[in-house]
Amino acid sequence: MEDFKKVDPKKTDYLLGLFEPSHLQYEMYRKETGNTDPTLAELTEKAIQILQKNDKGFFLLVEGGRIDHGHHNNVAKEALTETVSFDDAIVKALQMVNEKETLTVVTADHSHVFNIAGYPPRGTKLLDKIPDDVHEKPPSDNKPMTILVYGNGPGYNSTRQNLTGVDTTRNDYQQQSAVPKKRETHGGEDLAVFAKGPMAHIFRGVREQVFIPAAIAYASCVGDNLAHCDGIKPTTPTNSGNMAENRLKASLVFLTASMILSIQI
Ligand SMILES: [Zn+2]
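Note that this is a predicted model, so its numbers are computed, not measured.

### As for the environment of glycine 155
- With respect to the helices and strands, the residue glycine 155 is situated in the loop between strand 5 (148-150) and strand 6 (186-187).
- Using a relative accessible area of 12% as the deciding quantity, one classes glycine 155 as buried.
- C-alpha of glycine 155 to C-alpha of serine 177: the two residues are 22 residues apart in sequence and 5.0 Å apart in space.

Next comes the structure, spelled out in structure tokens:
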């Protein structure tokens, strides 16, 4: 981390950071393990500082890669705390770029068989169980249920565990799943794509996944489809803010799996 902090973006054009022998550690265990690896927000900040020096613009892809792994473990708290870290990285990036000349896209490459279920009352913490007194009809085995469950994965038990007295908010609590699998699988539903900045309006509707990189290239005036790029004026401080007249200077893509943007844990 000290070496990372010492890297001067003004004097650096290329940077490779290898902080772990494999994946970065889960953010949730940072305090107890004394992990000093940079956060996703710190990595994002350094990348943008280096790339922003290029007056021709830049493309940056940031992946919140461990959200996926927490879900594969059926440990929702790992996935959700990584999602908070992912959100921090987006906030940091948006503070550093000019929205009038930066297209920001936030999306996922797949979902997980992860469910938020059971009609929890407003204000219930996501990692908690459904309070007994709000069950329209309690589970037919009369055992408590958590709000978060998985369709498959290592949280399966042939006899469903009775969660009475179990702290389901603890760090290593593994949610229950319906089908035994060593690793939980990805899901198949449609994914959300959020965009802001120039050409953000083309990211709407239901699209094939291949549309997204094509749309980013189109917005960036990169590739073969350039007819719309004629006459685009460079952004100036006095520009009225008309997106069509602004030259796109940067594209930021934030990629995750099974995105939940607003959570309470
Ligand atoms: Zn995966």
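Having seen it, we continue.
### Quick look at the packing of aromatic side chains
- Tallying each qualifying case throughout the model produces 4 aromatic pairs.
- Here the aromatic rings of phenylalanine 4 and phenylalanine 19 are separated by 5.7 Å at their centres, their planes lie at 80°, and the arrangement is edge-to-face. Residue phenylalanine 4 is located in helix 1 (residues 2-6), and its partner phenylalanine 19 is located in the loop between helix 1 and helix 2 (30-33); the two are separated by 15 residues in the primary sequence.
- Assessed through its relative accessible area of 11%, phenylalanine 4 is described here as buried.

### What to know about the UniProt feature "binding site: Mg(2+)" (unreviewed entry) in the protein chain
- The positions that UniProt labels "binding site: Mg(2+)" (unreviewed entry) are, in the present scheme, Glu63.
- Relative to the elements of secondary structure, glutamate 63 occurs in strand 1 (residues 58-63).
- Discounting chain neighbours no more than four positions away, the residues touching glutamate 63 are Leu40 and Leu255.

### Focus on the coordination of the zinc ion
- On the protein side, the zinc ion has Asp68 (OD), Asp68 (OD), His72 (NE2) and His186 (NE2) as donor atoms, found 2.0 to 2.3 Å from it.
- In this structure, the zinc ion is coordinated by 4 donor atoms arranged in irregular fashion, with angles at the metal of 57 to 149°.
- All donor residues of the zinc ion come from one chain, and their arrangement in sequence is D-x3-H-x113-H. Of this pair, aspartate 68 sits in helix 4 (residues 66-72) while histidine 186 is found in strand 6, placing the two residues 118 residues apart along the sequence.
- Residue class for aspartate 68 comes out buried when judged on its relative accessible area of 13%.

About the thresholds
Residues numbered from 1 in each chain as written. Predicted model: local features only at pLDDT ≥ 70, side-chain atom pairs only at ≥ 80, totals over all residues. Heavy atoms only, no water. Helix = DSSP H or I, 4+ residues; strand = E, 2+ residues; numbered from the N terminus. Buried < 20%, exposed > 50% of the residue type's maximum accessible area, 1.4 Å probe, protein only. Phe/Tyr/Trp six-rings, centres within 6.5 Å; stacked < 30°, edge-to-face > 60°. UniProt positions renumbered as here; feature names shortened; annotations may be inferred. Contact = heavy atoms within 4.5 Å. Donors = N, O, S within 2.8 Å, 3.2 Å for Na, K, Ca; no water. Tetrahedral: all angles 85-135°; square planar, octahedral: opposite > 155°, others 65-115°.

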